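Commentary on secondary and tertiary structure
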Amino acid sequence: MDGTEGRQGICSRCGGAVAPEADVCPHCGAALRAIEEVLPPVQASEPGTAEDGAAETSVAPEKGGRRRTRKIKALIAAAAAAVVALTSVTAVLVWHNRQNVYAPLLFYKGQTLYAVSPANWNRIIALEAENGGTYLDSAYIQYSSDGRYLYYPDRDGIDSYVLYSCDLLRGTIRKVSDEVDGLYRLTPNGRTAVYSRSGALLCSDPDGTRTLAQDVQKFMLANDGSGVIYQTGEGRLYRIGLSSGESIGIGAADEVCCISPAADSAYYIRDNTLYYWKRGRQEKALRDAGYGVSMVDFGEEEAYLLVHQVPVDARPVIETEEEIYEEPRQRLYYCRNGEIQLLAEDVRQFQMVSGAHETPRLLYRVQKAGDDAGVWYYADRTACSLITQEAEIGSACLSDDGGELWFIAGEVIPPPATSSFWGLQTGTLRAAQLRGGKVGAIRAVDDRAMMLYARSKGEPLYMRDDSQTQAGGMRLTGELCGGGEMIAEEVQLYGVMPEPGTEAVYFSLRADENDGFSMLAKWDGHAASVICDQTARTELLGRDRVAVMRRSEQILTVYDRGKAIELARGVSAFAVAQPAETCASWW
């Protein structure tokens, strides 16, 4: 023997045991670049051999170290058993460390539904879909925080579906439930699904299914999976813990305004009074609800609250060439932990500020009765600053460090009859310095801007109008600009996808005016290059990974760190799964 026979190794990708001469891992299919050797297996002796008998009966010291030999063999056997036990644990740990960013893909080829994980693009799993009508809507396709568990629906009717779970590491599929009504909710670890069926609120995991409550109309799962807030047909609100099963009565509600992501606090209306509830406390009456309440934003303890000042039939009517609409008058409040503070009255418009920071920030327009024009303000919690007296603000976002507010001010036009897009025809892009929540100096960046795109690194990108005249209708292409330079021309307005965590950006270039297909390109922060031509659809999967449906032969291709990986041909549809923690809304 050459000393290698019988030895085992560990795949550096999935942690599975492999033979030293293997070129491909039998568990995950990965090419084996390196194998870590482990202890050789213990060779068991045949029962009843002379050596066995001697080992059991001999105690003579001159027979030399048989007790030590027996102990060494026992230690080797224990070590080998530990390696076997640790192999599966290692696989799970490696999977978890690798899979906390990128989303799995689902796609149809013919009548068969498939799933594939970024952990191994070569391993494509055929999924069960008995009714052949899985609804490829990302809101219905979720995955666990470690990327291991994928949940997807299979339609068996108009209003209900069969819910399945797939273990992407092992390739096993489990039917979770028949006749699920509406959206389901998934705990971050992917082990438990919460859903409604025929009015009952159910909780299902690999150990079984149990009923949480009856006569449930709406529910929301906490983003950490600890509990559920639900409302009964009689309007009563409750919170129940998933592990403990403890149910807490909250109060009756005519309308639920919002629930915190942790499902431990809520704002709701009863008998035209706004209430606040927090776990461990009694409900608290805040104020009258006026003629209606809207919640603009809500974190764990923060919210913006808009209370309508006038009834709907008393709102001013605005008539344009395109449509007639009613402009509301509202009071704006900032709420924190059940305490509210009035920020402004006569608020006619508002919009959230996008960016890398999660602090509630808002733009709103105040226009008093009888005034010809309004004034725009910027709110950072309770700090409010005048920002512009121009007619409209199209889009706004923060710089990556939160030190500047970028916004486009100009004339907002309604969409043409053939489009559902709203947006600026052309506006002036400005950048305002922010200090302590207040607006400082404001500088002009470009007077022909159309749309802004926030980035997690680097200053925002924007689209610049590429026409010299102002023709009717909204522009759908423009010049993509960033870092003080033009990146590309004829970029599709709604085809810009900044890459998370980098300065790079993917964007679609107009390729053919007749068939609607385009080219996918990427700017890495220094130069732009075309990745794929004749693309029908593009989905960003994460940092340096993008999925593309190519026009020719309906080819689904993934570009993974610059490498093109063809997944399948003849693909009719595909979807990107959503992380479970982002899908825990009130339903």
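Bear in mind that the values here come from a model prediction, so they are computed numbers and not experimental data. (Residues numbered from 1 in each chain as written. Predicted model: local features only at pLDDT ≥ 70, side-chain atom pairs only at ≥ 80, totals over all residues. Heavy atoms only, no water.)

**Digging into the pattern of salt bridges**
Applying the stated criterion across every chain, the model contains 23 salt bridges. Put simply, E339 and K284 hold a salt bridge, and the shortest N to O gap is 2.6 Å. Pair noted here: E339 is in strand 27 (residues 339-352) and K284 is in strand 21 (residues 284-288), with a separation of 55 residues, a long-range link. With relative accessibility at 33%, the residue K284 sits in the partly exposed group. In this structure, R464 engages E479 in a salt bridge whose closest nitrogen and oxygen atoms are separated by 3.2 Å. One end of the pair, R464, is in strand 35 (residues 461-464); the other, E479, is in strand 36 (residues 477-482), and 15 residues separate them in sequence. (Salt bridge = Lys/Arg side-chain N within 4 Å of Asp/Glu carboxyl O. Helix = DSSP H or I, 4+ residues; strand = E, 2+ residues; numbered from the N terminus. Buried < 20%, exposed > 50% of the residue type's maximum accessible area, 1.4 Å probe, protein only.)

**Here's the deal with the sheet that holds strand 21**
Read across the open sheet, the 4 strands follow the order 18-19-20-21; overall the sheet is antiparallel. Sheet topology places strand 18 (255-259) and strand 21 at the edges, where each strand pairs with a single neighbour. On average, each strand axis in the sheet is inclined to that of its neighbour by 25 degrees, with strand direction left out of account. Judged from the 4 bridges that link them, strand 18 and strand 19 (residues 265-270) form a sheet pairing that is antiparallel. Within strand 19, the residue paired with V256 across the bridge is Y268. (Pairing = 2+ DSSP bridges. Axes fitted to C-alpha atoms, helices over the stretch in contact; angles between N-to-C directions.)

**Description of the confidence of the model for the chain**
Summing up the model confidence of the chain, the mean pLDDT is 77 and the portion of residues at 70 or higher is 72%. Predicted confidence for residues 468-472 stays below pLDDT 50, and this span has 7 contacts to residues more than four positions away or in other chains. (pLDDT = per-residue confidence, 0-100. Contact = heavy atoms within 4.5 Å.)

**Brief notes about the nonpolar core**
Looking at soluble globular proteins, one finds that nonpolar side chains tend to be buried together. Formed by 32 residues in total, the largest nonpolar core has its most connected members in L105, L106, W121, L127, L150, L567 and F574. Every residue in contact with L127, bar those within four places of it in the chain, is listed here: L106, L113, Y114, A115, Y152, C166 and I173. With 16 residues, the next largest nonpolar core counts M450, M463, L493 and L509 among its residues. (Core = buried A, V, L, I, M, F, W, Y, C linked by side-chain atoms within 4.5 Å.)

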